[in-house]
Amino acid sequence: MRTWYIEDAGGGCRAFSEVLVLVSEKPQKIYTARMPLTWKEEISMEEIACRLVINMMKKAGVTKNDRVLVCPGNIFHTLHKWLENNGYNWSTAKMDGLAHDAAEEAFYQQLVESGVPGEYKLQGRDYRTFYRQVEEWVKQQPDPSKYWKDREARKKPSEARWRLKNTFGRPRKCRKCGKKIKPYSPMVEHRVRKSGRKYRRYFHPRCSPVEPMKGKLDYAVVKFDDKTITGLVLPCGEETTCSLCGEPIKPGNKTFYGYMGEKLVHGHMDCFEIIDQA
């Protein structure tokens, strides 16, 4: 059984990428990865870090029989869940020794490659002074923007901004797959604010990159033309006609909406044979 250590460095500096390392002391093996400065996917920093570490673990051949010690920092929270869900022998631990040194050296090497003066070095564990020196150097560069971390991308998506809702009578376009989200069907709504303006983006539940907060959606399974249909139970918005009895459905009345293929079936709850309801 081998012991692997997972550590990061550079998270407290506003410039340059965080560095992630996967280290084995006996035998000595060091794998490194750099977080991107920014990304376009609407996922959290923790998810990006988790992907990078999983790739390093695959390269290193880490097995579920090995022992995995992980820094308890926020950047690894998604990784902690992944290791637990996938049955790895793991725990959190404060990093010292080779893992800590390898992470700091990998971050410092990134600075050297970019031209940061060699005298800017971490003294003891005075990160505040070290990072301030690096950030002042960045400010003096002709194009400092290429060194700064994208703090907006690094904000963890708030579950409160991802909600399971329904489209009511209005179709939407899925932000991920580009296909239509049908009227009267479940969707995930993502609310974002950029440059002071509010935006809403919509996803099929299967396409959502984040597990949404559970909105109040009532479902029912009914029998129609000798087939079972799963759909939503909603208050009727505008007066419409029941697909079964042909009588009007008054606004506000509880109504079943479901699809048989591409055909929308809707009607009074009393008109359907209800198999299940939640």
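Located above this text is the structure these notes cover.
A brief look at the structure comes next. Predicted model only: the values in this text are computed from it and were never measured. (Residues numbered from 1 in each chain as written. Predicted model: local features only at pLDDT ≥ 70, side-chain atom pairs only at ≥ 80, totals over all residues. Heavy atoms only, no water.)

1. Things to note about a positive patch on the surface
Moving on, step 1. On the surface, a cluster of positive charge is made up of Arg-161, Arg-163, Arg-191 and Lys-198.
Moving on, step 2. As for its position among the elements, Arg-161 is in the loop between α5 (151–154) and β6 (162–166). (Patch = residues over 30% accessible without salt bridge, like charges linked within 9 Å, V, L, I, M, F, W, Y side chains within 5 Å. Areas by Shrake-Rupley, 256 points an atom, 1.4 Å probe, with all protein chains shown as cover. Salt bridge = Lys/Arg side-chain N within 4 Å of Asp/Glu carboxyl O. Lys, Arg positive; Asp, Glu negative; His and termini not counted. Charge placed at Lys NZ, Arg CZ, Asp CG, Glu CD. Helix = DSSP H or I, 4+ residues; strand = E, 2+ residues; numbered from the N terminus.)

2. Overview of the packing of aromatic side chains
Moving on, step 1. On inspection of all chains with the given rule, the structure shows 11 aromatic pairs.
Moving on, step 2. Judged by centre distance (5.8 Å) and plane angle (35°), the rings of Tyr-127 and Tyr-131 are tilted. You can see Tyr-127 and its partner Tyr-131 sitting in helix α4 (residues 127–139), four residues apart, about one turn around the helix.
Moving on, step 3. With 6.4 Å between their ring centres and 50° between their planes, Phe-224 and Phe-272 make a pair best called tilted. (Phe/Tyr/Trp six-rings, centres within 6.5 Å; stacked < 30°, edge-to-face > 60°.)

3. Observations concerning unusual backbone geometry
Moving on, step 1. A cis geometry characterises the amide bond from Lys-26 onward to Pro-27, with omega recorded as -10°.
Moving on, step 2. Within the fold, Pro-27 resides in the loop between β2 (19–24) and β3 (29–34).
Moving on, step 3. In this model, Asp-226 sits at a positive phi of 65°, which is unusual for a non-glycine residue.
Moving on, step 4. With respect to the helices and strands, Asp-226 occurs in the loop between β11 (218–224) and β12 (227–235).

4. Some points on the nonpolar core
Moving on, step 1. In this structure, Phe-16, Phe-76 and Phe-107 are the most contacted members of the largest nonpolar core, which totals 50 residues.
Moving on, step 2. For this core, the secondary-structure elements that each account for two or more residues are β1 (3–9), β2, α1 (45–60), β4 (67–70), α2 (77–85), α3 (97–114) and α4.
Moving on, step 3. For this core, the element with the most residues is α1, which contributes nine residues.
Moving on, step 4. If sequence neighbours within four positions are ignored, Phe-76 has contacts with Ile-6, Glu-7, Asp-8, Leu-20, Val-53, Val-70 and Cys-71.
Moving on, step 5. The next biggest cluster of nonpolar side chains, apart from the first, holds 11 residues, and it includes Trp-162, Leu-164, Ile-181 and Cys-207. (Core = buried A, V, L, I, M, F, W, Y, C linked by side-chain atoms within 4.5 Å. Buried < 20%, exposed > 50% of the residue type's maximum accessible area, 1.4 Å probe, protein only. Contact = heavy atoms within 4.5 Å.)

5. Focus: α4
The α-helix winds at 3.6 residues per turn, so residues separated by three or four positions along the chain end up facing the same way.
Moving on, step 1. Between the first and last C-alpha of α4 there are 18 Å, a value that for 13 residues agrees with the 18 Å anticipated at 1.5 Å per step.
Moving on, step 2. Along α4, the positions that sit buried rather than exposed are Phe-130, Tyr-131, Val-134, Glu-135, Trp-137 and Val-138. Along the axis of α4, the buried positions cluster into a sector of 155°, meaning they face one direction only. (Expected span 1.5 Å × (residues − 1). Arc of directions from axis to C-beta.)

6. With respect to the environment of Trp-162
Moving on, step 1. Along the chain, the position of Trp-162 falls in strand β6.
Moving on, step 2. On the accessibility criterion, Trp-162 (1% relative accessible area) is buried.
Moving on, step 3. Separated by 46 residues in sequence, Trp-162 and Ser-208 have C-alpha atoms that sit 8.8 Å apart.
Moving on, step 4. Within the structure, the side chain of Trp-162 is placed 3.5 Å from the side chain of His-190, a separation counted as a polar contact. (Polar contact = N/O pair within 3.5 Å; in protein donor to acceptor, adjacent residues only side chain to side chain.)

7. A look at the packing of α1 against α2
Moving on, step 1. Following both chains from N to C, one finds α1 and α2 inclined at 50°, their axes separated by 7 Å at the closest point. Between α1 and α2, the angle is such that the two are oblique. As α1 packs across α2, the resulting crossing turns out to be right-handed. Residues Glu-46, Glu-47, Cys-50, Val-53, Ile-54 and Met-57 of α1 touch α2, and the partners they reach there are His-77, Thr-78, Leu-79, Trp-82 and Leu-83.
Moving on, step 2. A breakdown of the residues in the contact of α1 with α2 according to their chemical character gives seven nonpolar, two polar and two charged. (Axes fitted to C-alpha atoms, helices over the stretch in contact; angles between N-to-C directions. Parallel < 35°, antiparallel > 145°, perpendicular 65-115°, else oblique. Left-handed = near helix turned anticlockwise from the far one by under 90°. Nonpolar A, V, L, I, M, F, W, Y, C, P; charged D, E, K, R; others polar.)

8. Points about α2
Moving on, step 1. Every buried residue of α2 is listed here: Leu-79, His-80 and Leu-83. Seen end-on, α2 carries its buried residues on one side only, within an arc spanning 105°. Along α2, exposed side chains directed more than 90 degrees from the buried face belong to Lys-81, Glu-84 and Asn-85.
Moving on, step 2. At its buried positions, α2 is contacted by β1, α1, β4 and β5 (89–92).

9. Considerations on the pairing of β3
Moving on, step 1. Direction of pairing for β2 relative to β3: antiparallel, over a ladder of six bridges. When the sheet's bridge partners are listed, Ser-24 is paired in β3 with Lys-29.
Moving on, step 2. Turn length for the β2-β3 hairpin, with the two strands adjacent in sequence and antiparallel, is four residues. (Pairing = 2+ DSSP bridges.)

10. Remarks on the pairing of β4
Moving on, step 1. As judged from the four bridges shared by β1 and β4, these two strands associate in the parallel manner. Each residue of the ladder has a partner; that of Ile-6, found in β4, is Val-70.
Moving on, step 2. Examined bridge by bridge, β4 and β5 share four bridges and lie parallel to one another. Paired with Val-68 across the bridge in β5 is Trp-90.
Moving on, step 3. Handedness of the crossover joining β4 and β5 through α2 is recorded here as right-handed. (Right-handed = clockwise from strand over helix to strand, strands pointing away.)

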